[in-house]
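In case you want the letters, here they are:
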Amino acid sequence: RGVDRSPAVVTTFRHRARIGVVELGEAIQNGQRVAAYGVDALVGGSWRTIATGTTIGHRKLDRVSPLAADGIRVRIVSSLGAPQIATLAVWPGRP
């Protein structure tokens, strides 16, 4: 298998976090650049895709089936220029 070379933002949590909503945002003052993305949760030592989408823009909320995770990863699958993620937050339910 090849190595995934997609740009990504990855963070791990000090303590397992309950995730029900993922909030994403771009630095929109520099233009909307993300054309497709995926969001993965680190569950039991493996990455599991929990959301996919097209544009992000100023603010995007992805509601996901609630789960407990040790980390979160946002993969940029396609973009129009260098992506600039300004916001990455997770919520246990509705923010």
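Cut-offs and rules
Residues numbered from 1 in each chain as written. Predicted model: local features only at pLDDT ≥ 70, side-chain atom pairs only at ≥ 80, totals over all residues. Heavy atoms only, no water. Helix = DSSP H or I, 4+ residues; strand = E, 2+ residues; numbered from the N terminus. Rg over C-alpha atoms; globule rule 2.2 N^0.38 Å. Buried < 20%, exposed > 50% of the residue type's maximum accessible area, 1.4 Å probe, protein only. Contact = heavy atoms within 4.5 Å. Areas by Shrake-Rupley, 256 points an atom, 1.4 Å probe, with all protein chains shown as cover. Lys, Arg positive; Asp, Glu negative; His and termini not counted. Charge placed at Lys NZ, Arg CZ, Asp CG, Glu CD. Pairing = 2+ DSSP bridges. Axes fitted to C-alpha atoms, helices over the stretch in contact; angles between N-to-C directions. Salt bridge = Lys/Arg side-chain N within 4 Å of Asp/Glu carboxyl O.

S.K.: I keep staring at the overall build of the protein chain and nothing clicks. Help me out?
M.R.: Helix and strand counts for the protein chain stand at zero helices and five strands. What you see in the protein chain, going N to C, is helices and strands ordered as β-β-β-β-β. In terms of C-alpha radius of gyration, the protein chain reaches 13 Å, essentially the compact-globule figure of 12 Å for 95 residues. Expressed as a percentage of its 95 residues, the buried residues of the protein chain come to 35%. Restricting to contacts in the protein chain with at least 6 residues of sequence separation, those with at least 24 account for 77%. Within the structure as shown, the protein chain displays about 5700 Å² of accessible surface, and the carbon and sulfur contribution to it stands at 48%. Of note, the protein chain has its 13 positive side-chain charges centred 3 Å away from the centre of its 6 negative side-chain charges.

S.K.: Would you explain the environment of Thr55 in this entry?
M.R.: Tracing the backbone shows Thr55 in the loop between strand E3 (46-53) and strand E4 (60-79). Owing to a relative accessible area of 38%, Thr55 belongs among the partly exposed residues under this scheme. With 21 residues separating them in the primary sequence, Thr55 and Ile76 have C-alpha atoms 10 Å apart.

S.K.: Please clarify how the sheet that holds E4 should be interpreted in this entry.
M.R.: Backbone hydrogen bonds hold the strands of a sheet together, and the pairing may be parallel or antiparallel. An order of E3-E2-E4-E1-E5 is seen for the five strands of this open sheet, with the pairing classed as antiparallel. The open sheet is flanked by E3 and strand E5 (85-91), the only strands paired with a single partner. In this sheet, neighbouring strand axes are inclined to one another by 35° on average, regardless of whether the strands run parallel or antiparallel. Here strand E1 (residues 8-26) pairs with E5 via six bridges, running antiparallel. Among the inter-strand pairings, Leu24 is bridged to a residue of E5, identified as Leu88.

S.K.: Is there a simple way to think about the pattern of salt bridges in this case?
M.R.: Between side chains of opposite charge, pairing is possible as soon as their charged atoms come close. By the definition in use, this model includes four salt bridges. With its nearest N and O atoms 2.6 Å apart, the salt bridge here joins Asp40 to Arg75. Of this pair, Asp40 sits in strand E2 (residues 34-43) while Arg75 sits in strand E4, and the two are 35 residues apart along the sequence. The pair Asp40 / Arg75 is uniform in exposure class, with both members buried.

All quantities given are derived from atomic positions and should not be read as evidence of function.
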